[in-house]
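Listed here are the chains, written in short residue letters.
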There are 2 protein chains.
Amino acid sequence: MNVGYEFDADTSLERVGERRFRGEIPDRWGVVGGAPNGGYLMTVAVRAMRAADTPPDPLSATAHYVKACRPGPVTVEVEPVRSGSRHTTAMARVIQQDAERLRVLATFGDLTAAAGPSAVTGTPPDLPSRAECVTVPPDMEQASGAANGAAQSVPPIVERFDLHLTPRSAGWAVGDPSGEAHMDAWLRFADGRPADTLSLAVFADALPPTALNVVDRVQWVPTIELTVHARGRPAPGWLRAVATTRFLMDGYMEEDVEIWDDDDRLVAQGRQLALLLRES
Amino acid sequence: MNVGYEFDADTSLERVGERRFRGEIPDRWGVVGGAPNGGYLMTVAVRAMRAADTPPDPLSATAHYVKACRPGPVTVEVEPVRSGSRHTTAMARVIQQDAERLRVLATFGDLTAAAGPSAVTGTPPDLPSRAECVTVPPDMEQASGAANGAAQSVPPIVERFDLHLTPRSAGWAVGDPSGEAHMDAWLRFADGRPADTLSLAVFADALPPTALNVVDRVQWVPTIELTVHARGRPAPGWLRAVATTRFLMDGYMEEDVEIWDDDDRLVAQGRQLALLLRES
């Protein structure tokens, strides 16, 4: 991809050793509180792995987030696990100021070489048109003033996307939470960068936390672990993301996400385990 | 747990270095083809990690299976990632004959210390009574002779469980596949060992592959990656497991599983990415 795009520039790394890379995390992928988005951080690690000549598609990538990252310099250490005829597996450590921040394990393959039976029962989401949705920003900034200014300030990552939340999903922002731990939206990169399997992890972690529609005084929902399966190469155009939580139990919650492309094909599935922290 | 139980004996390890363990994989956890079950292998790695004094519950564990294991000696190397106030993360390599077989990443916590809001919309599975279900074995052995003897021989792992497949799930074994990529069953360890959060990964990978009900000539469904979230400590008694695949695409499939305990509480969620291989 063209480094003129934000996503490519902001995940670019300089090789400083055989399996060691250095980069700079800008503040523009920050979520509420300023920590960079987890899907974005996973992608930084996956991009370092791909520099070791893996197949192109991260079929499955898992990150465990062990300490909050901050904008600034970052080091990524890659460890090859195994290269087979079909799949290649690698591991990466993402380090800031001598402390590991996340550990990533990923298996790569080539989705265009996949050959085998298909049987799909999942159906693409039937979302309201983008004109009926709530854009973020600017609608959300106005809305947040009306509702809960302290908790709802718009974080920088929001500007990385054209994000159109369905009215039902956006209820929390105007003091009318839907009561369902569900978020869905149209989205794409704001600067026009096409989605690919490398960037699917960012889209899989791009929606506001589902919990905002069921729990008040949400402070932060730190991800413990995020797994993203790239299942298809996205067609050009808009993506749709659907995120659901069915089991918020004693503060721990899963968040399941599906990403669908403009051809009505599922292109990614993600699941994260997160911890819900509330303002006291 | 008492080492008189098969599961505890068969996951026991001898410490042979600060972070190095040795064990012996018996043939009784073998699936079709003889390779040990993936959930069982994950547990061997997780048990090695726990020897380093982690909190008790593997909240999230991910294994990437890079080369088939065989029964026989095994070495597990553990690498601590980070210990925080609430969670501890570790990594393990499982090695046979100098070749890595799986790489595991896990975060541990203490579910009894969890405190936070709850909101659950997932509902426990409404399965037919065990008397209405198909036991495996011996029903299945008889059934397999009638249907497709070659592909349906009963692997040793089946005898590790009391497994009662719902009639709909068991259709493939009697030449009447349901047409839905779905399996559900009552299950528990055959020798009476109570389930705990350590063993949930085995239960999460214990059902026959969902694909058997939608695709013929299934040879093997090797797991590429398996993630299991332990969400609760199981109550004594029977478990119910429900596995579903919604996206089998060009041979790649996810398998989502939920494990419920006798108190109607979800105790684990699992998802794997697998590759469907057919007989030629």
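Bear in mind that the values here come from a model prediction, so they are computed numbers and not experimental data.

What counts and what doesn't
Residues numbered from 1 in each chain as written. Chains lettered and ligands numbered in written order. Predicted model: local features only at pLDDT ≥ 70, side-chain atom pairs only at ≥ 80, totals over all residues. Heavy atoms only, no water. Helix = DSSP H or I, 4+ residues; strand = E, 2+ residues; numbered from the N terminus. Rg over C-alpha atoms; globule rule 2.2 N^0.38 Å. Buried < 20%, exposed > 50% of the residue type's maximum accessible area, 1.4 Å probe, protein only. Contact = heavy atoms within 4.5 Å. Areas by Shrake-Rupley, 256 points an atom, 1.4 Å probe, with all protein chains shown as cover. Least-squares fit on C-alpha atoms with pLDDT ≥ 70 in both. Buried area = accessible area lost by both parts, 1.4 Å probe. Salt bridge = Lys/Arg side-chain N within 4 Å of Asp/Glu carboxyl O. Polar contact = N/O pair within 3.5 Å; in protein donor to acceptor, adjacent residues only side chain to side chain. Core = buried A, V, L, I, M, F, W, Y, C linked by side-chain atoms within 4.5 Å. Expected span 1.5 Å × (residues − 1). pLDDT = per-residue confidence, 0-100. Phe/Tyr/Trp six-rings, centres within 6.5 Å; stacked < 30°, edge-to-face > 60°. Pairing = 2+ DSSP bridges.

K.L.:
Is there a simple way to explain the overall build of chain A in this structure?
P.N.:
Within chain A, the regular secondary structure consists of 4 helices and 17 strands. Scaling as 2.2 N^0.38, a compact globule of 280 residues should have a C-alpha radius of gyration of about 19 Å, and chain A matches this with 18 Å. Referenced to the eigenvectors of the C-alpha coordinate spread, the extents of chain A come out at roughly 55 × 45 × 40 Å. Going through the 280 residues of chain A one by one, you find that 59% of them count as buried. Considering only contacts within chain A whose residues lie at least 6 apart along the sequence, 71% involve residues at least 24 apart. Accessible surface, chain A: about 10700 Å² in total, of which carbon and sulfur atoms supply 46%.

K.L.:
Mind showing me how you'd approach the relation of the copies chain B and chain A here?
P.N.:
In screw terms, the move from chain B to chain A is a rotation of 180° and a rise of 0.0 Å along the axis, fitting with an RMSD of 0.0 Å. Between the two chains, the operation in question is that of a two-fold axis. A shared binding surface is used by both copies, with 100% of the interface residues of chain B retained as interface residues in chain A.

K.L.:
Teacher, can you tell me more about the interface of chain B and chain A here?
P.N.:
Size of an interface: often given as the accessible area lost when the parts come together. On the side of chain A, 58 residues touch chain B, which itself brings 58 residues to the contact. Interface area for chain B against chain A, summed over the two sides, is near 5300 Å², with a carbon-plus-sulfur share of 58%. When the buried surface of chain B facing chain A is broken down by residue, Pro-117, Arg-231 and Arg-271 of chain B rank first, second and third, together holding 13% of it. As a salt-bridge pair, Arg-103 of chain B and Glu-79 of chain A come within 2.7 Å of each other at their nearest N and O atoms. Counting every contact that joins chain B to chain A gives 39 residue pairs in polar contact (both at pLDDT 80 or more). Among the elements that line the side of chain B that touches chain A, the one with the most residues is strand E16 (residues 266-275) of chain B, at 7 residues.

K.L.:
Explain the pattern of salt bridges here, please?
P.N.:
One side chain can pair with another of opposite charge once the charged atoms of both are near each other. Counting across every chain of the model gives 43 salt bridges over all chains. Its salt-bridge partner being Glu-77 of chain A, residue Arg-93 of chain A comes within 3.6 Å of it at the nearest N-O pair. Of the two residues, Arg-93 of chain A sits in strand E5 (residues 88-96) while Glu-77 of chain A sits in strand E4 (residues 72-83), which places them 16 residues apart along the sequence. Residue Glu-77 of chain A is classed as partly exposed on the basis of its relative accessible area of 21%. Across the pair Arg-193 of chain B and Asp-196 of chain B runs a salt bridge whose closest N-O atoms are separated by 2.9 Å. Of the two residues, Arg-193 of chain B and Asp-196 of chain B, both sit in the buried class. Linked by salt bridges that have partners in common, Arg-20, Glu-77, Glu-79, Arg-93, Glu-100 and Arg-103 of chain A together with Arg-20, Glu-77, Glu-79, Arg-93, Glu-100 and Arg-103 of chain B make up one network.

K.L.:
When you look at the nonpolar core in this model, what are you seeing that I'm missing?
P.N.:
Side chains of a nonpolar character, in soluble globular proteins, are inclined to be buried together. Ranked by size, the top nonpolar core spans 68 residues in total, and within it Met-42, Phe-161 and Ile-259 of chain A carry the most contacts. The residues touching Ile-259 of chain A, leaving out its near neighbours within four places in the chain, are Leu-200, Phe-203, Ala-204, Leu-239, Arg-240, Ala-241, Arg-265, Leu-266, Val-267 and Ala-268 of chain A. One finds Ala-63, Val-94, Leu-165 and Met-183 of chain B within the second-largest nonpolar core, a separate group that totals 67 residues.

K.L.:
In this structure, what is going on with the environment of Ala-195 of chain B? I would like to understand it.
P.N.:
Structurally, Ala-195 of chain B can be placed in the loop between strand E10 (182-189) and helix H4 (200-203). Excluding residues within four positions of it along the chain, Ala-195 of chain B makes contact with Phe-203, Pro-234 and Leu-239 of chain B.

K.L.:
Could you clarify how one ought to interpret helix H2 (residues 38-50) of chain B in this entry?
P.N.:
Side chains three or four residues apart in an α-helix point the same way, a direct result of the helix having 3.6 residues per turn. Residues and elements named next belong to chain B. Here H2 is 13 residues long and its end C-alpha atoms lie 18 Å apart, about the 18 Å a rise of 1.5 Å per residue gives. Of all the 13 residues making up H2, 11 are buried; the element is thus mostly covered by neighbouring parts of the structure. Listing the buried residues of H2 in full gives Gly-38, Gly-39, Tyr-40, Leu-41, Met-42, Thr-43, Val-44, Ala-45, Val-46, Ala-48 and Met-49. By the N-cap criterion, in which a side-chain oxygen at the helix start approaches the backbone nitrogen of a residue two or three places on, H2 is capped by Asn-37, the distance to Gly-39 being 2.9 Å.

K.L.:
Help me understand the confidence of the model for chain A, please; the structure alone is not making it clear to me.
P.N.:
One rule of thumb: low pLDDT means the predicted coordinates there are not for detailed reading. Per-residue confidence for chain A gives a mean pLDDT of 93; residues scoring 70 or more make up 93%. Contacts for the low-pLDDT stretch residues 145-151 of chain A, under 50 throughout, to residues beyond four places or in other chains number 6 contacts.

K.L.:
Can you help me understand the packing of aromatic side chains in this one?
P.N.:
The relative placement of two aromatic rings is captured by the distance of their centres and the angle of their planes. Residue and element names in this part refer to chain B. Counted under the stated rule, the structure contains 16 aromatic pairs over all chains. On the numbers, 4.7 Å between centres and 55° between planes, the contact of Phe-189 with Phe-203 is tilted. Of the two residues, Phe-189 is situated in strand E10 and Phe-203 in helix H4; the sequence distance between them amounts to 14 residues. Residue Phe-189 shares its accessibility class with Phe-203, and that shared class is buried.

K.L.:
For this particular structure, what's the right way to read unusual backbone geometry?
P.N.:
Across the chain, the bulk of peptide bonds are trans and the bulk of non-glycine residues have phi less than zero. Residue and element names in this part refer to chain A. Positive phi, close to 65°, is recorded for Asp-98, a residue that is not glycine. Along the chain, the position of Asp-98 falls in the loop between E5 and strand E6 (99-109). Phi is positive for Asp-264, which is not a glycine, with a value near 65°. Among the structural elements, Asp-264 can be located in the loop between strand E15 (252-260) and strand E16 (266-275).

K.L.:
Can you walk me through the pairing of strand E5 (residues 88-96) of chain B in this structure?
P.N.:
Looking down a regular strand, the side chains alternate between one sheet face and the other. Residues and elements named next belong to chain B. Counted residue by residue, E5 has 9 buried out of 9 residues, so it is predominantly covered. Every second residue of E5 is oriented toward a common face, with Thr-88, Ala-90, Ala-92, Val-94 and Gln-96 on one face and Thr-89, Met-91, Arg-93 and Ile-95 on the other, all of them buried. Of the strand pairs in this sheet, strand E4 (residues 72-83) and E5 are connected by 8 bridges, and their pairing is antiparallel. What sits directly across from Glu-79, in E5, is Met-91. Count of turn residues in the E4/E5 antiparallel hairpin: 4 residues.

K.L.:
Would you explain the pairing of strand E15 (residues 252-260) of chain B in this entry?
P.N.:
All names here are of chain B. Among the 9 residues that make up E15, 9 are buried, leaving the element largely enclosed by the rest of the structure. Alternating residues of E15 divide into Tyr-252, Glu-254, Asp-256, Glu-258 and Trp-260 and Met-253, Glu-255, Val-257 and Ile-259, and every residue in both groups is buried. Where strand E13 (residues 239-244) lies against E15, 5 bridges are found, and the strand directions are antiparallel. The residue of E15 that forms the bridge with Ala-243 is Val-257. With 2 bridges connecting them, strand E14 (residues 247-249) and E15 associate as antiparallel partners. The partner of Met-249 across the bridge, within E15, is Tyr-252. Taking the residues between adjacent antiparallel strands as the criterion, E14 and E15 are bridged by 2 residues, where Asp-250 takes a positive phi near 55°. Taken together, the 9 bridges between E15 and E16 define a ladder with antiparallel strand orientation. Bridging from a neighbouring strand, Glu-254 pairs with Leu-273 of E16.

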